[in-house]
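The chain contents come next:
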Amino acid sequence: DTIQPDAVSYTALMNVFVAHRQLADAEYLLEDMTTNSVCPDERTFGCLLNGYAHCETDPDGAAEKARGLFAKMEESNLQPGVIQYNQLLAVLANAPTTKRKDTEQLLYKMVDSSI
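Fair warning: this is a prediction, and the values are worked out from it, not measured in the lab.

1. Describing the overall build of the chain
Looking only at helices and strands, the chain has 6 helices and 0 strands in total. Ordered by position from the N terminus, the helices and strands of the chain form the series α-α-α-α-α-α. Computed over its C-alpha atoms, the radius of gyration of the chain comes to 14 Å, within 12% of the 13 Å expected for a compact globule of 115 residues. Across its three principal directions, the C-alpha atoms of the chain cover 55 × 30 × 20 Å.

2. A few points about helix 4 (residues 59-75)
Given a rise of 1.5 Å per residue, 17 residues ought to cover 24 Å, and the 24 Å separating the end C-alpha atoms of helix 4 matches this to within 8%. On its buried face, helix 4 is in contact with helix 2 (23-35), helix 3 (42-53), helix 5 (82-94) and helix 6 (100-112). Immediately beyond the C-terminal end of helix 4, within one or two residues, lies Asn 77, with a positive phi of roughly 60°.

3. Points about unusual backbone geometry
In this structure, Arg 21 is a non-glycine residue whose phi angle is positive, near 60°. Note that Arg 21 resides in the loop between helix 1 (7-19) and helix 2. Unusually for a residue other than glycine, Ser 114 sits at a positive phi of about 60°. Tracing the sequence through the fold places Ser 114 in the segment after helix 6.

4. Things to note about the packing of aromatic side chains
Given two aromatic rings, their pairing is described by the distance between the two centres and the angle made by the two planes. In total, this model carries 1 aromatic pair according to the counting rule given. The interplanar angle of 65° and the centroid separation of 5.1 Å between the aromatic rings of Phe 70 and Tyr 85 together place this pair among those described as edge-to-face. With Phe 70 in helix 4 and Tyr 85 in helix 5, this residue pair connects regions lying 15 residues apart in the sequence. Relative accessible area serves as the criterion here: at 4%, Phe 70 is assigned to the buried category. Judged by its relative accessible area of 1%, Tyr 85 is buried.

Rules used in this analysis
Residues numbered from 1 in each chain as written. Predicted model: local features only at pLDDT ≥ 70, side-chain atom pairs only at ≥ 80, totals over all residues. Heavy atoms only, no water. Helix = DSSP H or I, 4+ residues; strand = E, 2+ residues; numbered from the N terminus. Rg over C-alpha atoms; globule rule 2.2 N^0.38 Å. Expected span 1.5 Å × (residues − 1). Contact = heavy atoms within 4.5 Å. Phe/Tyr/Trp six-rings, centres within 6.5 Å; stacked < 30°, edge-to-face > 60°. Buried < 20%, exposed > 50% of the residue type's maximum accessible area, 1.4 Å probe, protein only.

What follows is the structure, given as structure tokens:
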């Protein structure tokens, strides 16, 4: 018998990759989770959003990936919390091409969600 990793195990390893700015490896783990029928949780999505928030090499690309990840989280019927909203706001604030309107809309969505 082998022990299969769970969401906590995957997220812990993702945190290591994010801390070392190895976002491609963290993204791969998210794909691997779904391939192996392990459901990511709010912490998993938050971990990767945090990585995008600190991406200095391609902030616009990070913003697009973060938006997609946030949408995927919502599609998975997971309720984003204040942490995930704040991480996405940080990503958008760092992206040069993000319009102020987009960031404000996210803030209003957060307020409307009673976060």
